[in-house]
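Examination of the molecular architecture
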Amino acid sequence: MPVEHRVAARGRLRARVVGVVAGRVSVPGMGQEGEGGASGRGRCVGWPALDERRGPLQASLGTLGQRLQPGMADSAQAQKLVYLVTGGCGFLGEHVVRMLLQREPRLGELRVFDRHLGPWLEELKTGPVRVTAIQGDVTEAHEVAAAVAGAHVVIHTAGLVDVFGRASPETIHEVNVQGTRNVIEACVQTGTRFLVYTSSMEVVGPNTKGHPFYRGNEDTLYEAVHRHPYPCSKALAERLVLEANGREVHGGLPLVTCALRPTGIYGEGHQIMRDFYRQGLRLGGWLFRAIPASVEHGRVYVGNVAWMHVLAARELERRAALMGGQVYFCYDGSPYKSYEDFNMEFLGPCGLQLVGARPLLPYWLLVFLAALNALLQWLLRPLVLYAPLLNPYTLAVANTTFTVSTDKAQRHFGYEPLFSWEDSRTRTILWVQAAGSFAQ
Ligand SMILES: NC(=O)c1ccc[n+]([C@@H]2O[C@H](COP(=O)([O-])OP(=O)(O)OC[C@H]3O[C@@H](n4cnc5c(N)ncnc54)[C@H](O)[C@@H]3O)[C@@H](O)[C@H]2O)c1
Ligand SMILES: C[C@@H](CO)CCC[C@@H](C)[C@H]1CC[C@H]2[C@@H]3[C@H](O)C=C4C[C@@H](O)CC[C@]4(C)[C@H]3CC[C@]12C
């Protein structure tokens, strides 16, 4: 049984803590050199502008960023580090947690902060690393501050991922923007110097005009205009994180931040993939093409996204001048395909078929159905939550080419995908098969 007790660090805290454990290690090769400039700043239509008083993004920390804090020497023998992963029980968060345990040799304590703690944390009970599960809410500044206090590195992946209208725009903003602000302020107040933020490709696009982003990189010019609360919130939060780079934290040293922008993540734990699978099973093994095969949608394997987070977090100290204030798309060797064709890479081997070489419905009809769904959602809201996959926003995202081709993370901190496409595919297929065999 886990030992549960109240955390007393720094003032009032409702967060509950469970002690657990795991471990072990390997180190990848490193790249070198650098470049400046973070691009992709979005404009949110109808959303408040950020407070600009802190001035422009601070791109470089010079040698300041290279100074070591006590306990941050570059050796496995050095004092062990305390990592905090917010949203550590989510789809991506769980992979980040497991990856840290496997591949961060300096890990001494791992704090997993989430609104909902997963039962799987129990299985991390044996091993050399202390795992502390903290039930808390990123919108509660005092809970965040208590969890951050004493951590060397924060990986802030908690977020409300909702493009289906389940949550209100205000709630999305509160969790994604205010929650991120709380994390930053907690770092500043408690002296935590290294912050990696899970952003999203949606900070850039697809934009409201449906412009294609074809194999773009972090410097590709693109008109980033958002209307939907989710991408707006991610864009605002990312900006907060980047602008916080260089702020003085408690103790006088500068905060070092960077943001990672995954495209559509897939892999073990991907609920939308599981939903498509179950839908196909309900339809007798058929799925029906709605999006032209020529529309490319960027996808990345969750294990590689987690790996990039771990590497970025690990290298932020050593490469502060280069990485501080930077954004990186998350990429790997996953093939460029349409959203539906890509899903079929996994659903096909699980026995589903995608019907139609071309969309079976004309696009105008899909637009009509998406608008109808939005109307029904609005009409039914007082009675019931109607949140189907198809709405004007998801249709626009699925129907607009958005793919990434970049090596920035490789050049800046030596990232190479840990999992090949074949491995990623096999792991995902096995998970879909297992997840689909549970009750529908
Ligand atoms: N899934 C994707 O395709 C994708 C792509 C790009 C970026 N992202 C980003 O990655 C991050 C993780 O996404 P995910 O797909 O794993 O989503 P998820 O919903 O599976 O995980 C999010 C986690 O955050 C936690 N959380 C939500 N609100 C919280 C709060 N107020 N306080 C504390 N914890 C809270 C949830 O309980 C959950 O465990 C998000 O920031 C998301 O914006 C996801
Ligand atoms: C029109 C339907 C016919 O089959 C298909 C609808 C698919 C949509 C539900 C998904 C298409 C693209 C997805 C999004 C994308 O992969 C990137 C995202 C970024 C991330 O930060 C959050 C998740 C998401 C918005 C993801 C959500 C689901 C899609 C819109």
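Residues numbered from 1 in each chain as written. Chains lettered and ligands numbered in written order. Predicted model: local features only at pLDDT ≥ 70, side-chain atom pairs only at ≥ 80, totals over all residues. Heavy atoms only, no water.

1. Comments concerning the overall build of the protein
Convention followed: Secondary structure elements follow DSSP: runs of H or I of four or more residues count as helices, runs of E of two or more count as strands, with numbering from the N terminus. Exposure is judged per residue with a 1.4 Å probe applied to protein chains only, and the accessible area is read against the type maximum: over 50% gives exposed, under 20% gives buried, and values in between give partly exposed. We call two residues contacting when some pair of their heavy atoms lies within 4.5 Å. Note on areas: Shrake-Rupley with a 1.4 Å probe; residue coverage comes only from the protein chains shown.
In terms of helices and strands, the protein carries twelve helices and 17 strands. For the protein, the proportion of its 440 residues judged to be buried stands at 56%. Taking as baseline every contact in the protein between residues at least 6 positions apart, the subset at least 24 positions apart corresponds to 82%. Within the structure as shown, the protein displays about 18400 Å² of accessible surface, and the carbon and sulfur contribution to it stands at 56%.

2. Some words on the site of ligand 1
The test is simple: Nearness is defined per residue: one heavy atom within 4 Å of the molecule or strand is enough. For the purposes of these results, a polar contact is taken to be a pair of N or O atoms within 3.5 Å, where, inside protein, one atom must be able to donate a hydrogen and its partner to accept one; residues adjacent in sequence count only when each atom of the pair is a side-chain atom. Residue polarity is assigned by list, with Asp, Glu, Lys and Arg as charged and Ala, Val, Leu, Ile, Met, Phe, Trp, Tyr, Cys and Pro as nonpolar; anything else, Gly included, falls into the polar class.
For ligand 1, the set of nearby residues contains 25 residues, the closest of which are Leu92, Asp114, Asp137, Tyr230 and Lys234. Threonine 157 places a polar main-chain atom, nitrogen or oxygen, 3.0 Å from an oxygen atom of ligand 1. Burial of ligand 1 by the protein chains amounts to 85% of its free accessible area of 820 Å². For the shell around ligand 1, the secondary structure elements donating two or more residues are α1 (91-103), α4 (229-244) and β12 (264-266). Looking at the shell around ligand 1 residue by residue, the classes come out as ten nonpolar, eleven polar and four charged.

3. Examining the pairing of strand β5 (residues 107-114)
The condition that has to hold: What makes two strands pair is DSSP finding at least two bridges between them. By convention, orient the strands away from the viewer: a clockwise path from the first strand over the helix to the second makes the crossover right-handed.
Of all eight residues in β5, seven are buried, a share of seventy percent or more. Pairing geometry for strand β4 (residues 81-86) and β5, over six bridges, is parallel. The partner of threonine 86 across the bridge, within β5, is phenylalanine 113. Chirality of the crossover, the property in question, places the unit of β4, α1 and β5 among those that are right-handed. Note: β5 against strand β6 (residues 129-135), six bridges, orientation parallel.

4. A word on the pairing of strand β7 (residues 153-156)
Both faces of β7 are covered, namely the face carrying Val153 and Ile155 and the face carrying Val154 and His156. In this structure, β4 lies alongside β7, joined through four bridges in parallel fashion. Paired with leucine 84 across the bridge in β7 is valine 154. Inspection of the sheet shows β7 paired to strand β8 (residues 194-198) by four bridges, in the parallel sense.

5. A look at the pattern of salt bridges
The line we're drawing: We define a salt bridge as a contact between a side-chain nitrogen of Lys or Arg and a carboxyl oxygen of Asp or Glu at a distance within 4 Å.
Across all of its chains, the model carries 19 salt bridges by this definition. Between glutamate 109 and arginine 130 there is a salt bridge whose closest N-O contact spans 3.9 Å. Of this pair, glutamate 109 sits in strand β5 while arginine 130 sits in strand β6, placing them 21 residues apart in sequence. Using a relative accessible area of 11% as the deciding quantity, one classes glutamate 109 as buried. The partner of glutamate 315 in a salt bridge is arginine 319, with the nearest N and O atoms 3.2 Å apart. No difference in accessibility class separates glutamate 315 from arginine 319, as the two residues are buried. Taken together, the shared-partner salt bridges in this structure form one network comprising Glu94, Arg98 and Glu123.

6. Points about the UniProt feature "domain: 3-beta hydroxysteroid dehydrogenase/isomerase" (unreviewed entry) in the protein
Convention followed: UniProt positions are given in the numbering used here, feature names are shortened, and annotations may be inferred rather than shown by experiment.
UniProt tags residues 84-354 as "domain: 3-beta hydroxysteroid dehydrogenase/isomerase" (unreviewed entry). Across residues 84-354 one finds 36% helix and 21% strand; the C-alpha atoms that close the span lie 42 Å apart.

7. Thoughts on the packing of aromatic side chains
Stated formally: Centres within 6.5 Å make a pair out of two Phe, Tyr or Trp rings, where for Trp the six-membered ring is used; the pair is then stacked when the planes are under 30 degrees apart, edge-to-face when over 60, and tilted otherwise.
Under the defined criterion, the tally for this structure stands at 15 aromatic pairs. Both rings, one in phenylalanine 213 and one in phenylalanine 402, keep their centres 4.3 Å apart while their planes meet at 10°; by these two values the pair is stacked. Residue phenylalanine 213 is located in strand β9 (residues 213-216), and its partner phenylalanine 402 is located in strand β17 (residues 402-404); the two are separated by 189 residues in the primary sequence. Residue phenylalanine 402 is classed as buried on the basis of its relative accessible area, which comes to 0%. A ring pair is formed by tyrosine 331 and tyrosine 415, whose centres lie 5.2 Å apart and whose planes are at 90°; its orientation type is edge-to-face. In this pair, tyrosine 331 is assigned in the loop between β15 (326-330) and α8 (339-347) and tyrosine 415 in the loop between α11 (408-413) and α12 (421-436), connecting sequence segments 84 residues apart. Assessed through its relative accessible area of 12%, tyrosine 331 is described here as buried. Taken together, the ring pairs in this structure connect Tyr266, Tyr301, Phe342, Phe346, Phe419 and Trp421 into an aromatic cluster.

8. Side note on the site of ligand 2
Ligand 2 sits among 18 residues. The nearest are Ser200, Glu202, Tyr230, His297 and Glu340. Serine 200 has a polar side-chain atom sitting 2.8 Å from an oxygen atom of ligand 2. Taking tyrosine 230, its side chain carries an N or O atom lying 2.5 Å from an oxygen atom of ligand 2. Notes on ligand 2: free accessible area 630 Å², of which the protein chains cover 89%. At the level of elements, α5 (271-282), α8 and α10 (392-398) are the ones that each hand at least two residues to the shell around ligand 2.

9. So, the UniProt feature "transmembrane region" (unreviewed entry) in the protein
When the UniProt feature table is mapped to this numbering, "transmembrane region" (unreviewed entry) covers residues 360-380. A helix fraction of 86% and a strand fraction of 0% characterise residues 360-380, whose end C-alpha atoms lie 28 Å from each other.

10. Focus: the packing of helix α3 (residues 169-190) against α4
Each pair of packed helices can be summarised by the angle the axes make with each other and by the distance between the axes. Stated formally: Axis geometry follows a simple rule: fit a line to the C-alpha atoms, using only the stretch in contact for helices, then measure angles between N-to-C directions, giving values from 0 to 180 degrees. What sets the label is the angle itself: under 35 degrees gives roughly parallel, over 145 gives roughly antiparallel, 65 to 115 gives roughly perpendicular, and the rest give oblique.
Running from N to C, α3 and α4 point in directions that differ by 10°, and their axes come no closer than 9 Å. As summarised for this structure, α3 and α4 are arranged roughly parallel, according to the angle between their axes. Where α3 approaches α4, its residues Pro169, Ile172, His173, Asn176, Val177, Thr180, Arg181 and Ile184 are matched on the opposing element by Pro229, Tyr230, Ser233, Lys234, Leu236, Ala237, Leu240, Val241 and Ala244. Looking at the contact of α3 with α4 residue by residue, the class counts come to eleven nonpolar, four polar and two charged.

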